[in-house]
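Observations on the three-dimensional arrangement
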Amino acid sequence: MKVLVINAGSSSIKYQLYQMPEARVLAKGMVERIGEESSKLAHSYDAKTHSIDAKVPDHEAGMELILKTLADKEVGVISNISEIESVGHRVVHGGEEFTGSMLIDETVVKSIEKFADLAPLHNPPNLTGIRAAQHKLPKSAQVACFDTAFHSTIPEVAYMYALPYEIYEKYRVRRYGFHGTSHRYVARRAAEIMGIDKYEFNAVTCHLGNGCSMTAVKNGKSVDTSMGLTPLEGLVMGTRSGDFDPAILFYLADKGYDFKSLNAMCNKQSGLLGISGLSNDMRNISELAETGNKRAKLAIDIFCYRIKKYIGAYAAALGRLDAVIFTGGIGENATGLRAQICSELNQIGIKIDLTKNRDARKESDVSADDSPVKVLVIPTNEELAIAKDTFELAGGKPSGK
Ligand code: ADP
């Protein structure tokens with residue numbers, strides 16, 4: 001079965017076409033700058049790349065361009081788009097309703113619309129991608145894979161905020177968590193590598209990319225995670241602040257900051273960018289810190305310290321810990337940061353091997369031989385997880401999540 005995986009953002013659509021169940025990527029790419037003067041399609045297949053500039057006014061046109069490219073005589077990998085039997089869509093917010101991936105019908109669409117209130121930047125473009133795929137591929141099964149679904153097992157004690165209870169009852173204000181597909185994928189993969197039954201596996205998973213979050217996984221299920229009602233809570237990120245005293249907002253409101261500027265400040269002007277004043281990109285920050293820039297170094301120190309605190313908190317919440325797992329652009333590549341985060345964690349059984357850590361490539365065990373807790377680097381593969389769910393729900397064999 002050919003499964004098309006779609007991740008639709010506000011001005012882009014990323015795609016990967018899989019041959020399932022072999023999990024072979026036939027082609028992948030992205031349409032960028034949708035709605036702008038000139039848009040761009042980058043497409044790769046068979047280790048070759050093809051890129052074109054085109055006018056793509058909206059997501060419908062973007063989807064059409066992707067399908068046309070996939071079935072193109074020269075750069076395509078299929079002879080007809082009818083070969084695409086199912087489409088898996090990344091959807092950010094599934095609220096309390098979705099505990100797993102779902103075949104999309106009108107009820108599911110209505111719920112995704114409803115949760116746009118909680119994820120105004122993500123759910124509307126996700127939905128646009130779904131609508132476009134439904135129009136262009138009306139015979140294909142459409143599946144929604146929610147970032148929040150893996151976290152649906154978090155118990156009340158970890159998802160409730162200590163606000164008046166009616167805030168939860170009226171508005172469903174609670175911790176939902178995000179990056180669930182990634183946390184689930186790396187936890188499952190780590191259990192497989194370590195030869196532990198996935199439902200007996202305890203881990204702290206650290207997804208460190210532009211957005212960063214951590215999850216406590218107990219017996220294969222998410223029992224706590226650092227992002228909350230929105231992706232703002234928790235770790236220091238590229239431009240998001242993560243945790244801080246909410247009273248700072250009242251204080252600044254009193255100083256004349258309005259709602260819009262506070263929102264922009266916390267989501268777009270904080271984190272690595274806010275502290276360093278220079279960049280939201282960890283590669284730049286690391287280079288600057290190496291050349292002696294104090295604020296870049298401070299940004300890294302705060303970033304690592306916050307992660308270390310969460311590892312300690314989740315180790316306490318889990319009781320027994322089998323592994324700490326690093327993933328995402330930073331988690332997979334920033335060796336120095338992994339070493340800094342894991343330093344002096346011996347007392348909770350976490351010992352990193354600096355040589356193994358430095359030499360780590362792709363999936364690696366970077367823990368010291370006598371470390372009771374394994375430290376693993378596992379490149380995330382959310383697209384593969386979505387392809388597996390989609391294949392299963394569209395009638396293929398169970399993927400064994
Ligand atoms: P997204 O969350 O958008 O998927 P990624 O997972 O690709 O992002 O992560 C992007 C982050 O990873 C950026 O901050 C980037 O600087 C960082 N990164 C990528 N490679 C390295 C590296 N070799 N060293 C340090 N940081 C890196």
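The structure we're discussing is the one just above.
**Thoughts on the overall build of the chain**
Helix and strand content of the chain: 15 helices and 14 strands. Per-residue burial over the chain gives 49% buried out of 401 residues. Sequence-distant contacts in the chain: of pairs separated by 6 or more residues, those separated by 24 or more amount to 60%. Total accessible area on the chain stands at roughly 18900 Å², and carbon and sulfur atoms take up 52% of it. A distance of 2 Å separates the average location of the 48 positive side-chain charges in the chain from that of its 49 negative side-chain charges.

**Brief notes about the sheet that holds strand E3 (residues 24-32)**
Taken together, the eight strands give an open sheet; going across it, the order is E5-E4-E3-E2-E1-E6-E8-E7, and neighbouring strands pair in mixed fashion. A single partner strand is all that each edge strand has here, and the edge strands are strand E5 (48-54) and strand E7 (102-103). Bridge analysis of strand E6 (residues 84-91) against strand E8 (residues 141-146) gives six bridges, and the strand direction is parallel. By the bridge assignment, glycine 88 is partnered in E8 with valine 143.

**Notes on the site of the ligand**
As a structural note, the neighbourhood of the ligand is formed by Gly209, Asn210, Gly211, Asp281, Met282, Arg283, Gly328, Gly329, Ile330, Asn333 and Ala334. Protein chains bury 67% of the 580 Å² of accessible surface belonging to the ligand in isolation. Counting residues per element, the ones that place at least two in the shell around the ligand are helix H10 (282-290) and helix H12 (328-333). It is H12 that contributes the most residues to the shell around the ligand, four residues altogether. Residues of the shell around the ligand, tallied by class, amount to three nonpolar, six polar and two charged.

**Some thoughts on unusual backbone geometry**
Omega for the bond connecting methionine 20 with proline 21 falls within 30 degrees of zero, at 5°, which places this linkage in the cis form. Phi is positive for arginine 172, close to 60°, though the residue is something other than glycine. Tracing the backbone shows arginine 172 in the loop between helix H5 (165-171) and helix H6 (180-194). On the basis of relative accessibility, which here comes to 35%, the residue arginine 172 falls in the partly exposed class.

**Here's the deal with the environment of lysine 2**
Among the structural elements, lysine 2 can be located in strand E1 (residues 2-8). What makes lysine 2 buried here is its relative accessible area of 18%. Apart from residues no more than four positions distant in its own chain, lysine 2 is found in contact with Leu17, Tyr18, Gln19, Leu26, Ile78, Glu83, Ile84, Glu85 and Ser86. A distance of 3.2 Å separates a polar atom in the side chain of lysine 2 from a polar atom in the side chain of glutamine 19.

**Section: the pattern of salt bridges**
As enumerated under the stated definition, the model contains 20 salt bridges in all. One salt-bridge network, held together by shared partners, links Glu60, Glu64 and Lys136.

**A few points about helix H15 (residues 382-393)**
The terminal C-alpha atoms of H15 lie 17 Å apart, and with 12 residues this matches the ideal 16 Å at 1.5 Å per residue to within 8%. If you check which residues of H15 are buried, you get Glu382, Leu384, Ala385, Ile386, Ala387, Asp389, Thr390 and Phe391. Where the residues of H15 are buried, they touch E1, strand E2 (13-19), E6, E8, H6 and strand E9 (203-208).

**Brief notes about the side chain of histidine 93**
Along the polypeptide, histidine 93 turns up in the loop between E6 and E7. By relative accessible area, which is 0% here, histidine 93 ends up buried. A distance of 3.0 Å separates a polar side-chain atom of histidine 93 from the backbone nitrogen of glycine 95. In this structure histidine 93 touches Phe115, Leu118, Ala119, Asn123, Phe146, Thr148, Tyr176, Phe178 and Leu229, once residues within four positions along its chain are discounted.

**Notes on the nonpolar core**
Generally speaking, nonpolar side chains in soluble globular proteins are found buried as a group. Formed by 44 residues in total, the largest nonpolar core has its most connected members in Leu208, Met214, Phe303, Ile307, Ile311 and Ile350. Within the residue set of this core, elements represented by two or more residues are E9, strand E10 (212-218), H10, helix H11 (294-318), strand E12 (323-327), helix H13 (335-342) and strand E14 (374-377). Non-local contacts of leucine 208, meaning those with residues more than four positions away in its chain, are made with Leu235, Phe303, Ile307, Phe326, Thr327, Gly328, Gly329, Ile330, Gly331 and Ile341. The next biggest cluster of nonpolar side chains, apart from the first, holds 25 residues, and it includes Ile13, Tyr15, Val87 and Leu137.

How each quantity is defined
- Residues numbered from 1 in each chain as written.
- Predicted model: local features only at pLDDT ≥ 70, side-chain atom pairs only at ≥ 80, totals over all residues.
- Heavy atoms only, no water.
- Helix = DSSP H or I, 4+ residues; strand = E, 2+ residues; numbered from the N terminus.
- Buried < 20%, exposed > 50% of the residue type's maximum accessible area, 1.4 Å probe, protein only.
- Contact = heavy atoms within 4.5 Å.
- Areas by Shrake-Rupley, 256 points an atom, 1.4 Å probe, with all protein chains shown as cover.
- Lys, Arg positive; Asp, Glu negative; His and termini not counted.
- Charge placed at Lys NZ, Arg CZ, Asp CG, Glu CD.
- Pairing = 2+ DSSP bridges.
- Near = heavy atom within 4 Å.
- Nonpolar A, V, L, I, M, F, W, Y, C, P; charged D, E, K, R; others polar.
- Polar contact = N/O pair within 3.5 Å; in protein donor to acceptor, adjacent residues only side chain to side chain.
- Salt bridge = Lys/Arg side-chain N within 4 Å of Asp/Glu carboxyl O.
- Expected span 1.5 Å × (residues − 1).
- Core = buried A, V, L, I, M, F, W, Y, C linked by side-chain atoms within 4.5 Å.

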